Every structure is written in C-alpha cells, then in structure tokens.
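Fold and contact review
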Amino acid sequence: MGSTWVPDVSPDTPFSLANIPFGIISYPADPAPHAAVAIGNNVLDLKVLSLHASFAEVFPVLKDHTGIFSKPTLNDFAALGRPIHREVRRAIQGLLTTEAIRPDILKDNAELREKALLLRRNVKMHLPMRIGDYTDFYAGFHHAYAVGAMFRGPQTALQPNYTHLPVGYHGRSSSIVVSDTPIKRPFGQIIIDPTAEPKQPATAPSRRLDIELELGCFIATPNEMGTSIKVTSAEDHIFGYVLLNDWSARDIQTWEYIPLGPFNGKNFATSISPWVVLADALEPFRSKGIDNWTPLQGYLNEGREENVFDIELQIDLQTPQGDTTTICTTSSKYLIWSFPQMIAHHSLGGCPLRAGDLLGSGTISGPSMREKGSLLELSEGGKKDIMLYGMDVRRFLKDGDTVIISGICGKLGERVGFGECVGRILGATPQ
C-alpha cells in the first residue's frame, strides 16, 4: 500500500490508507448524520464527494445508488454486498493515494477538499448501523474456561456443548450505544449476603460492574427465513468489524441467569467503536484460532485453519483523578469459534439475519493474567485487587471510571485499527 497525499496521516495512525473504515458523522454545517471514511486525523465526507459530477465515473458500482452516502446509517451500503464494498474501498484508496488515479476530482481540487476533507476532532460520531438484532456469543476460549473453573471447578469448567457449537444468547439492540456515550450504573436484584439461606435479594445499584472485551461483526447481505448460510459462504455476508464492550453487572447476572441466561445484568448497555473496519481490510491479518479437539458437525467445518484475526487488543482504565492504567493486552486470535461458524450456526434452523445485525464474539482473553478481558478474571472473582497508577486499586468499576478499549494490527504506515471504544461510568439514578 502506497502513501497518501492527505495531510496529518502519521505512520502510527490506525486509519492508514490500508484501512479506510466507514462511519456515520455530522457537524454544524451538516447536522444530518451521513457517511464518511477515516484517513489519519481526517474524515472524508462521502456525502459531499457523492455530489461531484464525476462520482459515477469513479464509483461505477454505485451509479444506481448515488444517494447511498446521504443515509443516516450504513445499512443500505452494507446490503449491497461485499464485492461492492471492495470496489468502493479501492476507489477511495485510489483517490487518496499520492499517485491519485483522478487527481482532478479531489487531490488537485481545492474547493472540494475544503468541503469534503474535515478534521476528525470536529465531527460527531453516530452509531454506524441501524441494529435490528444483537446476538452475543461465548467464543473466547480462555474466558469461558477461566469463568467456568471459577464457579464449577477446572474439571467441569466447560459445559458439554461448548466445543460442539458456538454458544450464544440474544441481547438488546436498543441499548447499544456508540463510543463516548456515558454508561449509567444499573439497578437490579442482587444478593448482598451470599452465605445466607434462604437467599434474600435486595434491589440496589450493581456493586460488581464489569467490562467485557469483544469484537463485533456486522451482517451485510441477509438470508431468507427458512434458509441457512453455509459456513463456506458466510464471509460474503459480513460487512465489517467493530470493537465491543459488553458491560456486565455481575451481581445482577449471578442471581438472575439461571435457568434462561443473561437478562438485566447485560441489557443496560453495550458500547461499540464508531468506525466499521471492512472485512477486506483485515484479510492480511488472518490467524489460526484456538484448536478445537472435538470433531465438528459438517455445517461448521470451514476447511481452513486461519479463520480468525490477530488484532492487538488493549484495555485502559482511567480513574476519576485522571490516572490511566493498561490492565489488559491480548489478541483477537484467542477464539475457538470464527464468525463464519457463528453465522452458520445462527442461521442453521432458518433464522433470518439482516443487514445491520450485530454479532459479538464473547469476551476475548488470553492464557496469562495480563491478557484477561474482564475484571471478573483480573480480580479472580472479586477476591484480588487490580493495582492501578496513583496508588489506587479496583476489583470492579467505580463511578467516574472510564474504560478505553483499542485494537490495531499491521506495521507502521499501514496500520489497520478501530480507534477507541470508550465509556465512562455514571452513578445510578435513585429509584
């Protein structure tokens, strides 16, 4: 990948020419949310670009969809399919490279550059997709084993079905928010004295508020109800990826989850990063996932070993005093199930997936303590202090804490990253 003529694109930016992630922006001069791509510290306003007289020449695959980048979400663009995404991304790269294919359109067009190329800090980010449905899986092997061992012991840490199918549950799309949206501590039923018998719950703010480091996957092209998506073609149904923080109230979750699984302990908030990294941008970073020793059912057999991505993931925790500590560094390769396998299993019974549907990977943790993607693991079930800068400690989140998740891959000058997924904890609203 060559260099770009666009100013203020440092070698360590996650938004290099090799990336070109898509998002939804607004700004005072155009307050209606619409599409853009990120390049360095800038955004390219695709709505403004689409008004150029030569737009259809540069983007022939969009000649019948000239207004698609004026929409308030990326759903319609996603639904066009991965071959279209690929061509559009290549065309944008062609406009932004130093050896621009059509320099007259943008590179040498000062008037259009002034309107279409904006500083990223001057735009507001919105949810990139209209999310109809959200399914959260449990594909992070080391997290599943660690939490299972914590509550059931190492011999029965994994449930019998875990290596046979991608376990998941249906979440709430209505509480998915874009990065930088404050997160209010939830109320719920909790057990204050776990040793008491019989158990007596109290309604109170969660005392064990946690994070879960995940990768999110957006669906592009749908399948009809009553049909399934083959694992070997599931990649064609993927639009792109985001970072995801599945905020979790562990005390609420512990009391409520038997027998039907998570409910109020999970449904109060899920944060995602604002830029969708297209599936093609991550292709160079394919990796082998966790070995699954169980013979797979045929519909889950991909026929390839490198079925996940090796993305460097990091969690920083910033206290109300402003001290920041990196509490986790891990990789997205620590998944035992790939997103194509999740899609194949999700649709096996004929469930229709739609453009904009979001799938979560489940908490991603590595084998060492430094690689744990939740406070539950880092604090060993709330029994051990997590040391922070400023002589502070945590077991779970306090009001005023800010969690910053980041993810990146690639070498300097060609980095492909997501930016940040950020959320700050606010105190619970009195009931």
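Keep in mind that this is a model prediction, so the values were computed, not measured.

**Concerning helix 4 (residues 82-96)**
- With 15 residues, helix 4 extends 21 Å from end C-alpha to end C-alpha; this agrees with the ideal 21 Å at 1.5 Å per step.
- Burial of helix 4 is extensive: eleven of the 15 residues sit out of reach of the surface.
- Listing the buried residues of helix 4 in full gives Arg82, Ile84, His85, Val88, Arg89, Ala91, Ile92, Gln93, Gly94, Leu95 and Leu96.

**Here's the deal with the nonpolar core**
- Counting residues in hydrophobic clusters, the biggest one holds 65 residues, and the most contacted among them are Tyr241, Trp247, Leu282, Ile327 and Leu397.
- Residue contacts for isoleucine 327: discarding those within four places in its chain leaves Ile211, Ile315, Leu317, Arg370, Leu375, Leu378, Ile386 and Leu388.
- Counting residues in each nonpolar core, the second largest holds 57 residues, with Phe77, Ala91, Leu117 and Phe239 among its members.

**Describing empty space enclosed by the protein**
- Under the definition given, this model contains two cavities of 30 Å³ or more.
- The volume enclosed by the largest cavity comes to roughly 70 Å³.
- Lining the largest cavity we find Leu215, Glu235, Tyr241, Arg286, Asn307, Val308, Phe309, Ser332, Leu335, Phe339 and Pro340.
- Listed by contribution, the elements that provide at least two residues to the lining of the largest cavity are strand 19 (308-309) and helix 8 (339-346).
- Across the lining of the largest cavity, the residue classes break down as seven nonpolar, two polar and two charged.
- If you add up the space inside the second largest cavity, you get close to 30 Å³.
- In this structure, the second largest cavity is lined by Arg82, His85, Arg86, Phe239, Leu278, Ala279 and Asp280.
- The greatest single-element share of the lining of the second largest cavity, amounting to three residues, is contributed by helix 4.
- Residue composition of the lining of the second largest cavity, by class: three nonpolar, one polar and three charged.

**As for the sheet that holds strand 25 (residues 402-409)**
- If you trace the five strands from one edge of the open sheet to the other, you get 9-26-25-20-21, paired in mixed fashion. Across the chains shown, the open sheet's two edge strands, defined by having one partner strand only, are strand 9 (183-184) and strand 21 (324-331).
- Pairing geometry for strand 9 and strand 26 (residues 416-426), over two bridges, is parallel. Paired with lysine 184 across the strands is leucine 426, a residue of strand 26.

**Focus on the packing of aromatic side chains**
- The tally for this structure, following the rule as stated, stands at twelve aromatic pairs.
- Look at phenylalanine 55 and phenylalanine 69: their rings are 6.5 Å apart centre to centre, the planes differ by 90°, and that puts the pair in the edge-to-face class. Of this pair, phenylalanine 55 sits in helix 2 (residues 55-58) while phenylalanine 69 sits in the loop between helix 2 and helix 3 (75-79); the two residues are 14 residues apart in sequence, bridging distant segments of the chain. Residue phenylalanine 55 shares its accessibility class with phenylalanine 69, and that shared class is buried.
- Ring centres of phenylalanine 77 and phenylalanine 239 lie 5.9 Å apart, and the angle between their planes is 85°; on these two criteria the pair is classed as edge-to-face. With phenylalanine 77 in helix 3 and phenylalanine 239 in strand 14 (residues 238-245), the pair connects residues that are 162 residues apart, well separated along the chain.
- Judged by its relative accessible area of 1%, phenylalanine 77 is buried.
- Taking the relative accessible area as the measure of exposure, phenylalanine 239 reaches 1% and is therefore buried.
- Here the aromatic cluster, defined as three or more aromatic residues joined through ring pairs, consists of Phe22, Phe55, Phe59, Phe69, Phe77 and Phe239.

**Focus on the sheet that holds strand 2 (residues 30-39)**
- Strand order in this open sheet of five strands is 4-3-2-1-5, and the pairing throughout is antiparallel. Because the sheet does not close on itself, it has two edges, and the strands there are strand 4 (117-119) and strand 5 (124-126). Across the sheet, the axes of successive neighbouring strands diverge by a mean angle of 45°, strand direction being ignored.

Definitions and limits used
Residues numbered from 1 in each chain as written. Predicted model: local features only at pLDDT ≥ 70, side-chain atom pairs only at ≥ 80, totals over all residues. Heavy atoms only, no water. Helix = DSSP H or I, 4+ residues; strand = E, 2+ residues; numbered from the N terminus. Expected span 1.5 Å × (residues − 1). Buried < 20%, exposed > 50% of the residue type's maximum accessible area, 1.4 Å probe, protein only. Core = buried A, V, L, I, M, F, W, Y, C linked by side-chain atoms within 4.5 Å. Contact = heavy atoms within 4.5 Å. 1 Å grid on protein atoms, 1.4 Å probe; cavity = no way out; pocket = protein on both sides within 12 Å on 5 of 7 lines; lining within 4 Å. Points joined across faces, edges and corners; volume = space filled by probe spheres on them. Nonpolar A, V, L, I, M, F, W, Y, C, P; charged D, E, K, R; others polar. Pairing = 2+ DSSP bridges. Phe/Tyr/Trp six-rings, centres within 6.5 Å; stacked < 30°, edge-to-face > 60°. Axes fitted to C-alpha atoms, helices over the stretch in contact; angles between N-to-C directions.

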